[in-house]
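# Structural description and commentary
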Amino acid sequence: MKMPREEFLQVVMEAADLDVWENELVSGRVTRNATKVYAELGYTAQEVGDVMDNIFAIVHPEDVERMKHALNEHASGKTPKYQCEFRIKAKSGAWVWYANSGKIIERAGHPEAKHLIGVTYNVHARRQQEEELKRLNLELSAQKAQLEQLNASLHHMAMTDALTQLPNRRLLIDRVSHALFCAKRTQQIGALLFLDADNFKGVNDQYGHEAGDLLLKEMASRLRSAVREADTVARISGDEFVVMLENLSSDAVEATKKTRAIAEKILACLAQPYVLGEAQCTTTVSIGATLMNEGHQGFDDLCPAADAAMYEAKKAGRNTFQMFEPSMPRGSL
């Protein structure tokens, strides 16, 4: 025997966990309550009647305006149906997520009346899963940011001298390679200056290694202030520093002139007295330099030449500067 239509629909609604309701929008009268929902929330039949006088009293304050907006959008014909998700306060005080889906219809013989018929269903589990997924995504994003920060820190440590915070030999080699690559395109000549402290061991012996570290840090600071902002100052070992000058000129004579001027500025800056805690001392450096252009292969090609010129500066009496010449003997660094 065929099941009556009303009974069939009731079975379908129950199987789908849907609760049917109906309101008359003009009068505001509720013609069918969502009894299943209120039973789930722990309300008695009497309490449901009281609640229906002010349904928004148990809707979460953050959801009220969204719910009203969805109703108004459908009532004005802007949306084909009314849909909204919101939280309802259970009798226990807990907030439970539900969803509404409905549509305004006109009943035959009552054109002035507008009936909003719809269903309500529980979406709390899904919303909880979404919130948990959101939380996990936020945690993952935070962990990713921490990992990126850690990687950046490790990269900085790998490329930076721990004492002076200057670029180390590894980073200098990268920058020299990049500068030589750019020189091929721009035809600009740069220079590499090799600096070695003249009496650093004496400072360590007389004042101790702590004073020696303070001296190196101050030398690094003075070097940065003595060169252009775009130039690279690196500490490659002990009391040895390298300064890379880029884009000096397209003319070798002019590039040499500028290199000499910067070297003399460095010599004067580093020769000033140093205050190392309670100690005061003076120290100087010897500087060797070589021009760098597209004819060079890299750091290992340039640094021995600058180092050879530095040793010539040492032989010339220290606290001085020498440009590399092909006749100078070259070692390897």
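Source: prediction; values computed, not measured.

## Some points on the packing of helix α7 (residues 200-207) against helix α8 (residues 209-226)
One can describe the packing of α7 onto α8 by two numbers: an axis separation of 7 Å at closest approach and a directional angle of 140 degrees. By the angle between their axes, α7 is oblique relative to α8. Contact residues: F200, V203, N204 and Y207 in α7; H209, A211, G212, L215 and L216 in α8.

## Notes on the sheet that holds strand β11 (residues 285-292)
Across the sheet, which stays open at both edges, the five strands sit in the order β7-β8-β6-β11-β12 with mixed pairing between neighbours. Edge positions in the sheet fall to β7 (232-237) and β12 (321-323), since each has one partner strand and no second. Across the sheet, the mean angle separating the axes of adjacent strands is 20 degrees when strand polarity is ignored. Sheet topology places β11 next to β12; three bridges connect them, and they run parallel. By the bridge assignment, I287 is partnered in β12 with F321. Against the sheet, α8 makes contact with β6 (189-197), β7, β8 (240-249) and β11, and its axis sits at roughly 5 degrees relative to β8, the strand it touches most.

## Structural notes on the pairing of strand β1 (residues 19-24)
By the criterion of burial, β1 is predominantly enclosed, with five of the six residues buried. Of the strand pairs in this sheet, β1 and strand β5 (residues 115-122) are connected by six bridges, and their pairing is antiparallel. Counted as the bridge partner of D19 is T120 from β5.

## Re the pattern of salt bridges
Under the defined criterion, the tally for this structure stands at 18 salt bridges. The partner of R222 in a salt bridge is E218, with the nearest N and O atoms 3.1 Å apart. Taken together, the residues R222 and E218, both in helix α8 and four residues apart, mark about one turn of the helix. Residue R222 is classed as buried on the basis of its relative accessible area of 12%.

## A few points about α8
For α8, which comprises 18 residues, the first-to-last C-alpha distance of 25 Å matches the rise-based estimate of 26 Å (1.5 Å per residue) to within 8%. All buried positions along α8 are accounted for by A211, G212, L215, L216, M219, A220, R222, L223 and A226.

## Quick word on the side chain of D161
Relative to the assigned elements, D161 resides in the loop between α5 (124-159) and α6 (169-186). A relative accessible area of 14% places D161 in the buried class. Excluding residues that lie within four positions of it along the chain, D161 makes contacts with L166, P167, N168 and R235.

## Quick look at the side chain of D239
Tracing the sequence through the fold places D239 in the loop between β7 and β8. For the buried D239, no salt bridge exists, and the shortest N-O distance to an oppositely charged side chain is 6.2 Å, to K314. Residues contacting D239, with those up to four places away along its chain left out, are L195, D196, A197, F200 and L216.

## Comments concerning the environment of M159
Secondary-structure assignment places M159 in helix α5. For the pair M159 and D174, spaced 15 residues apart in sequence, the C-alpha separation works out to 9.8 Å. If we ignore the near neighbours within four places in the chain, the residues touching M159 are L166, P167, N168, R170, L171 and D174.

## Focus: the nonpolar core
In globular proteins that are soluble, nonpolar side chains generally tend to be buried together. If you look at the biggest cluster of nonpolar residues, it comprises 36 residues, and the most contacted ones within it are L193, L195, V243, I266 and I287. Going through the elements one at a time, β6, α7, α8, β8, α9 (252-270), β9 (274-276), β11 and β12 are the ones with two or more residues in this core. Looking at this core element by element, the count peaks at seven residues for α8. Setting aside anything within four residues of it in sequence, one finds L193 in contact with F241, V242, V243, L245, T259, A263, I266, I287, G288 and A289. Within the second largest apolar cluster, 20 residues are counted, among which are A34, I58, A70 and A90.

Rules used throughout
- Each chain carries its own residue numbering, running from 1 in the written order of its sequence.
- Where local features are concerned, this predicted model is filtered to residues with pLDDT of at least 70; where side-chain atom pairs are given and counted, the filter is 80 or more; whole-chain, interface and lining totals use all residues.
- Heavy atoms from the whole structure form the basis of all side-chain values; hydrogens and water molecules are not counted.
- What counts as an axis is a line fitted to C-alpha atoms, over the stretch in contact for a helix, and the angles between N-to-C directions run from 0 to 180 degrees.
- Strands here mean DSSP runs of E at least two residues long; helices mean DSSP runs of H or I at least four residues long; both are numbered from the N terminus.
- An angle below 35 degrees is treated as roughly parallel, one above 145 as roughly antiparallel, one from 65 to 115 as roughly perpendicular, and anything else as oblique.
- Any two residues having at least one pair of non-hydrogen atoms within 4.5 Å are treated as being in contact.
- Two strands qualify as a pair provided DSSP detects at least 2 bridges between them.
- For every residue, the accessible area (1.4 Å probe, protein chains only) is compared with the maximum for its type, and the residue is labelled buried under 20%, exposed over 50%, or partly exposed between those bounds.
- A pairing counts as a salt bridge when a side-chain nitrogen of Lys or Arg comes within 4 Å of a carboxyl oxygen of Asp or Glu.
- One fewer than the residue count of a helix, multiplied by 1.5 Å, yields its expected span.
- When charges are counted, Lys and Arg are positive and Asp and Glu negative, with His and the chain ends excluded.
- To qualify as a nonpolar core, a set must consist of buried Ala, Val, Leu, Ile, Met, Phe, Trp, Tyr and Cys residues joined through side-chain atoms within 4.5 Å.

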